[in-house]
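Examination of the molecular architecture
For reference, the chains in residue letters:
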Amino acid sequence: MQVSALEQAAALPLPTADEVANRWDIHPNPNPASPEHREDVFNRLSFGVDFTDHMAHAVYETGKGWHSKTIEPYGPLTLDPASAVLHYGQEIFEGLKAYRHDDGSIWTFRPSYNAHRLNASAHRLAIPELPVEDFLASIVGLVRTDAEWVPSAPGSSLYLRPFTIATEPFLGVRSARRFDYLCIASPSGPYFVNGFQPISIWVSPDYHRAGPGGTGAAKCGGNYASSLVPKLEAHDEGFDEVCFLDAVNNENIDELGGMNVFVVYEDGSVSTPALTGNILEGGTRGAILRLLRDRAVTVREETIRLEDLISDIESGRVAEVFACGTAAVVTPIGRIAGPGFDVRVDGTTVTKSIYDQVTAIQLGHEPDPYHWTYKLSA
Ligand SMILES: *Cc1c(COP(=O)(O)O)cnc(C)c1O
């Protein structure tokens with residue numbers, strides 16, 4: 001069994017939240033939201049619409065490194081219109097969640113994975129790395145300052161969005177000499193509003209999200225920008241999400257626009273597309289692989305040909321297909337279609353059991369032998 005470089009880096013021990021808590025200065029918001037407004041937000045939780053009172057913010061300048069690390073009032077940025085990010089898209093981001101446990105304490109899931117992945121993405125986009133301790137301190141500082149914004153309703157969480165943008169005002173094409181790192185936070189409701197609902201996916205015949213040597217393995221905004229037209233096409237065809245094929249042969253499953261894909265076979269084995277360099281290596285994907293292996297399930301990271309997947313679904317060899325990512329954890333895929341084919345899968349047993357196990361670990365309802373959960377605040 002292969003363990004990726006990212007998984008190995010993410011397994012290194014982290015300092016505790018108390019150890020990094022004072023690394024970033026705190027400038028409290030003089031006009032925080034009223035408790036009534038927060039209650040309002042909590043009563044209509046969606047995703048990525050409402051934001052907390054603060055954000056983490058640091059600046060990088062060539063020669064000075066990262067400085068001015070602050071938890072400051074949430075608010076608009078002042079950017080020079082020539083800022084490089086606005087022209088050439090030099091940007092990377094992450095996504096993780098803070099969860100409130102039953103005893104009121106606040107935890108997150110595999111922050112080390114996200115810290116190292118941000119740096120792996122940084123490397124590809126010629127962006128300076130942020131020390132893992134600073135990434136962690138930005139999250140600890142922000143979540144502790146905005147602790148009241150972590151919801152406790154079942155399935156809810158505080159979604160954290162760290163990102164780095166090139167802010168040097170310069171229209172020439174080269175890596176910028178100034179960057180801003182920010183982390184914003186958004187209270188979010190359960191992903192499955194109507195229970196564990198299978199989604200339908202449209203396999204894009206014409207568009208790819210990444211090609212060899214491109215930025216497919218980096219978490220960058222540009223990958224998402226190029227996925228919007230195929231996503232619109234999928235919506236027009238009546239589907240929830242788009243599935244991308246590899247850009248070389250146009251025959252192998254890569255992933256959805258923002259989620260990795262798994263196939264569960266009737267013999268109990270499970271398969272997921274191998275990390276070809278075109279796929280974003282999901283932390284949820286890695287956690288699921290580990291859980292399945294520890295259940296003694298035969299797991300393969302391999303090429304999954306669309307043609308084989310379709311015929312295996314038709315013959316009943318495939319029992320379940322699901323997608324995974326931080327936002328939904330796992331979501332069953334109930335229908336896969338594209339030009340000339342339209343097949344349905346109805347199994348959700350393994351999918352549901354993985355969902356239950358991952359969320360139980362995240363919420364502290366089950367022991368965490370993997371040390372994936374990280375305590376942000378008592
Ligand atoms: C973020 C992302 C995923 C899922 O990664 P997780 O770490 O599991 O949230 C999958 N694919 C793409 C393209 C992504 O950007």
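Criteria and cut-off values
Along each chain, the written sequence defines residue order, and numbers are assigned to residues from 1. Per-residue local features are limited, in this predicted model, to residues with pLDDT of at least 70; the limit for side-chain atom pairs, both in listing and counting, is 80 or more; totals at the level of whole chains, interfaces and linings are taken over all residues. Computation of side-chain values: all heavy atoms of the structure, hydrogens and water removed. UniProt positions are given in the numbering used here, feature names are shortened, and annotations may be inferred rather than shown by experiment. Numbering of helices and strands starts at the N terminus; helices are DSSP runs of H or I of at least 4 residues and strands are runs of E of at least 2. The reference for a compact globule is 2.2 Å times residues^0.38; the radius of gyration itself is calculated from the C-alpha atoms. Note on definitions: a residue-residue contact is assigned when non-hydrogen atoms from the two residues lie within 4.5 Å. Only the protein chains shown count as cover for residues, and the accessible areas themselves come from Shrake-Rupley with a 1.4 Å probe. For each residue, the test is whether any non-hydrogen atom lies within 4 Å of the molecule or strand; if one does, the residue is near. N or O atoms within 3.5 Å of each other form a polar contact, as long as, within protein, one can give a hydrogen and the other can take it, and as long as residues adjacent in sequence are counted only when both atoms are side-chain atoms. Burial status follows relative accessibility: with a 1.4 Å probe on protein chains alone, a residue under 20% of its type maximum counts as buried, one over 50% as exposed, and anything between as partly exposed. When we speak of the arc, we mean the arc of directions from the helix axis to the C-beta atoms. An automatic or database domain assignment provides the domain bounds reported here. In this description, buried area is defined as the sum, over both parts, of the accessible area (probe of 1.4 Å) that is lost when the two are combined. In this classification, Asp, Glu, Lys and Arg are treated as charged, Ala, Val, Leu, Ile, Met, Phe, Trp, Tyr, Cys and Pro as nonpolar, and every other residue, Gly included, as polar. For two strands to count as paired, DSSP must find a minimum of two bridges between them. Seen with its strands pointing away from the viewer, a crossover is right-handed if its path from the first strand over the helix to the second goes clockwise. Two aromatic rings from Phe, Tyr or Trp, using only the six-membered ring of Trp, form a pair when their centres are within 6.5 Å; if the ring planes differ by under 30 degrees the pair is stacked, by over 60 it is edge-to-face, and anything between is tilted. Only when the NZ atom of a Lys or the CZ atom of an Arg is both within 6 Å of the ring centre and within 35 degrees of the ring normal do we say a charge sits over the ring.

- You'll find the protein chain entered in an unreviewed UniProt entry as branched-chain-amino-acid transaminase, with Flaviflexus equikiangi given as the organism.
- If you open the UniProt record of the protein chain and go to Sequence similarities (unreviewed entry), you find "Belongs to the class-IV pyridoxal-phosphate-dependent aminotransferase family."

Considering the overall build of the protein chain
- Scanning the protein chain from N- to C-terminus turns up 11 helices and 18 strands.
- Relative to the compact-globule value of 21 Å for 378 residues, the protein chain shows a C-alpha radius of gyration of 21 Å, a close match.
- For the protein chain, the C-alpha atoms occupy an extent of roughly 60 × 55 × 40 Å along the three principal directions.
- A separation of at least 24 residues holds for 73% of the contacts in the protein chain among residues at least 6 apart in sequence.
- With the model as given, the accessible surface of the protein chain reaches about 16,500 Å², and the carbon-plus-sulfur share is 52%.

Some remarks on the site of the ligand
- As a matter of local geometry, the ligand sits amid 15 residues, with K219, Y224, E255, T284 and T326 nearest to it.
- At a separation of 2.5 Å, an oxygen atom of the ligand approaches a polar side-chain atom of Y224.
- Between the ligand and E255 there is a distance of 2.5 Å, counted from a nitrogen atom to a side-chain nitrogen or oxygen.
- Relative to its free-state accessible area of 380 Å², the ligand is covered by the protein chains to the extent of 96%.

Side note on helix α10 (residues 306-315)
- Regarding α10, the residues found buried are L306, L309, I310, D312 and I313. Looking down the long axis of α10, one finds its buried residues gathered within 165° of arc, a one-sided arrangement. In α10, the exposed residues that point more than 90 degrees away from the buried face are E307, E314 and S315.
- Positive backbone phi, at 85°, marks G316, one or two positions downstream of α10.

Examining the domain arrangement of the protein chain
- One can read the domain layout of the protein chain as domain 1 (5-189) and domain 2 (199-362).
- For domain 1 versus domain 2, the separation of C-alpha centres amounts to 27 Å.
- With 18 residues of domain 1 at the interface, the matching set in domain 2 holds 19 residues.
- Here domain 1 packs against domain 2, burying approximately 1,600 Å² in sum over the two surfaces, 56% of which is carbon and sulfur.
- For the pair domain 1 and domain 2, the number of links is 13 residue pairs in polar contact (both at pLDDT 80 or more).
- Sorting the residues of the side of domain 1 that touches domain 2 by element identifies α1 (5-10), β4 (91-93), β5 (96-100) and α5 (111-124) as the ones contributing at least two each.
- Split into classes, the residues belonging to the side of domain 1 that touches domain 2 amount to eight nonpolar, three polar and seven charged.

Some thoughts on the pairing of strand β14 (residues 299-302)
- Of the two faces of β14, the one lined by V299 and E301 is fully buried and the one lined by R300 and E302 carries no buried residue.
- Relative to β14, strand β13 (residues 270-273) is paired through four bridges, and the arrangement is parallel. Paired with P273 across the bridge in β14 is E302.
- Tracing the backbone out of β13, into helix α9 (residues 283-294) and back to the parallel element β14 gives a crossover that is right-handed.

Description of the packing of aromatic side chains
- This structure, assessed with the given rule, holds 12 aromatic pairs.
- Measuring from ring centre to ring centre gives 4.3 Å for Y370 and W372, while their planes differ by 20°; the resulting arrangement is stacked. Accessibility classification places Y370 together with W372 in one group, the buried group.
- Following the ring pairs from residue to residue traces out a cluster consisting of W24, Y60, W66, F179 and Y181.
- Note that R174 overlies the ring of F170, its terminal NZ or CZ placed 3.9 Å from the centroid.
- Positioned above the aromatic ring of F196 is the side chain of K352, whose terminal nitrogen or guanidinium carbon lies 5.9 Å from the ring centre.

Some details on the pairing of strand β9 (residues 199-203)
- Burial of β9 is extensive: five of the five residues sit out of reach of the surface.
- Burial along β9 is two-sided: the face carrying I199, I201 and V203 and the face carrying S200 and W202 are both buried.
- Bridge count for β9 against strand β16 (residues 329-338) is four bridges, and the pairing is parallel. For W202, the partnering residue across the bridge sits in β16 and is A337.
- When β9 meets strand β10 (residues 241-245), the two strands line up parallel, connected through three bridges.

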